[in-house]
Amino acid sequence: PYLDRLWRHGIPVATSTAPWPPMVWQACLLRNSHPSAAEHLDFVRDEMADFCEKGFWAVLPYAAIAHHPRLRLSPLGCIPQRDRRPHLITNLTFNAVNAETVRLGPSEAMQFGRALQRILFRLRHANPAFGPTYLCKIDISDGFYRIGLAADSAPVLAVALPPMTGEPALVAIPLSLPMGWVESPPYFCAFTETGADLANASMHHRYAPPHRLDAVSETTPMPDP
């Protein structure tokens, strides 16, 4: 029921301080993004356009959102990665948005520490009667972005986009959990850990039917003509 309510109404963002006055917004807008975002301006624009098409973010002129009482602006950063494309991150620590966030997320859903030891323990004590033990690691693409924010909370986590000549100042507002917010991990883990728990419980209580794509995946590819 808890996850169902979050899914229907979105994740709330509560703050411990009063709303920012307009002069603070304007100062944050003037400072704008981290220099790394300006250095990868084309990538930032392409990536944000893709996120908007997928419904993860919304981009608006600052003038269209400047009246919102819960608006807060943080700098956008861009983390370069070796042999991979850069990675966008919202620096919600710089302007104290993370520090002023009231912790409502289920922190008990997160598991930290001794991951390697726990994996090795499972491998060592696996029943050999069932044959070799296999490991499977699954990465959910844009995982945080699969969980929506409450509509009235989204402006709290807004970021200023790097400016381009001839354009009005633009603000990006997340519609789902952003990377960089202190409460994104516990909410994400609450959904994914619960899904894993339900799947494991189902597997232990009844026989799992074959996956509908098993036969297709095991078919020998046709030779290239």
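Before reading on, note that the structure itself is shown above.
This is a predicted model, so every value here is computed, not measured.

A. Structural view of the state of the cysteines. Going through the model one piece at a time under the given rule, you end up with zero disulfides. Free of any disulfide, Cys78 has its nearest cysteine sulfur in Cys52, 16 Å distant.

B. Molecular detail of unusual backbone geometry. The phi angle at Asn32 is positive, at roughly 65 degrees, despite the residue not being glycine. For Asn32, the location among the structural elements is in the loop between α2 (22-31) and α3 (35-39). Classification of Asn32 as buried rests on a relative accessible area of 13%.

C. Quick look at the nonpolar core. One finds Ile11, Leu73, Leu149, Leu157, Val171, Leu177 and Trp181 to be the most contacted residues of the largest nonpolar core, which totals 32 residues. Within the residue set of this core, elements represented by two or more residues are α1 (2-9), α2, α5 (62-65), β4 (158-160), β5 (170-174) and α7 (184-205). In terms of residue count, α7 provides more of this core than any other element does, five residues in total. Residues within four places of Leu177 in sequence aside, it is in contact with Ile11, Phe144, Tyr145, Ile147, Leu149, Ser184, Tyr187 and Phe188. Ala37, Val159, Leu161 and Leu170 belong to the second largest nonpolar core, which has 15 residues in total.

D. Summary view of the sheet that holds strand β1 (residues 57-61). Sheet architecture is open: five strands sit in the order β1-β5-β4-β2-β3, paired in mixed fashion. With one partner strand each, in any of the chains shown, β1 and β3 (84-90) form the two edges of the open sheet. Geometrically, the sheet is characterised by an average inter-axis angle of 35 degrees between neighbouring strands, direction not taken into account. Of the pairings in the sheet, the one linking strand β2 (residues 73-81) to β3 comprises five bridges and is antiparallel in character. By the bridge assignment for β3, Gly77 is matched with Ile89. Most of the contacts of α2 go to β2, to which it runs at about 25 degrees, and overall it touches β2, β4 and β5. Here helix α4 (residues 41-54) sits on the sheet and contacts β1, β2, β3 and β5; the angle it forms with β3, its principal contact strand, is near 70 degrees.

Cut-offs and rules
- Residue positions are counted from 1 within each chain, in the order its sequence is given.
- Given that the model is predicted, a residue must reach a pLDDT of at least 70 before its local features are reported, and side-chain atom pairs must reach 80 or more before they are shown or counted; all residues, however, enter totals for whole chains, interfaces and linings.
- No hydrogens and no water enter the side-chain calculation; it runs on all heavy atoms of the structure.
- Any pair of cysteine sulfurs within 2.5 Å is marked as a disulfide.
- Each helix is a run of H or I in the DSSP string that is no shorter than four residues. Each strand is a run of E no shorter than two, and both are numbered from the N terminus.
- When a residue's accessible area, from a 1.4 Å probe over protein chains only, is under 20% of the maximum for its type it is buried; when over 50% it is exposed; and in between it is partly exposed.
- For our purposes a nonpolar core is just a set of buried Ala, Val, Leu, Ile, Met, Phe, Trp, Tyr and Cys residues, chained together by side-chain atoms within 4.5 Å.
- Throughout, a contact is declared for two residues whenever any of their heavy atoms are within 4.5 Å.
- By this definition, two strands are paired if DSSP reports at least two bridges between them.
- A fitted line through C-alpha atoms serves as each axis, taken over the contacting stretch for helices, and the angle formed by two N-to-C directions is quoted from 0 to 180°.

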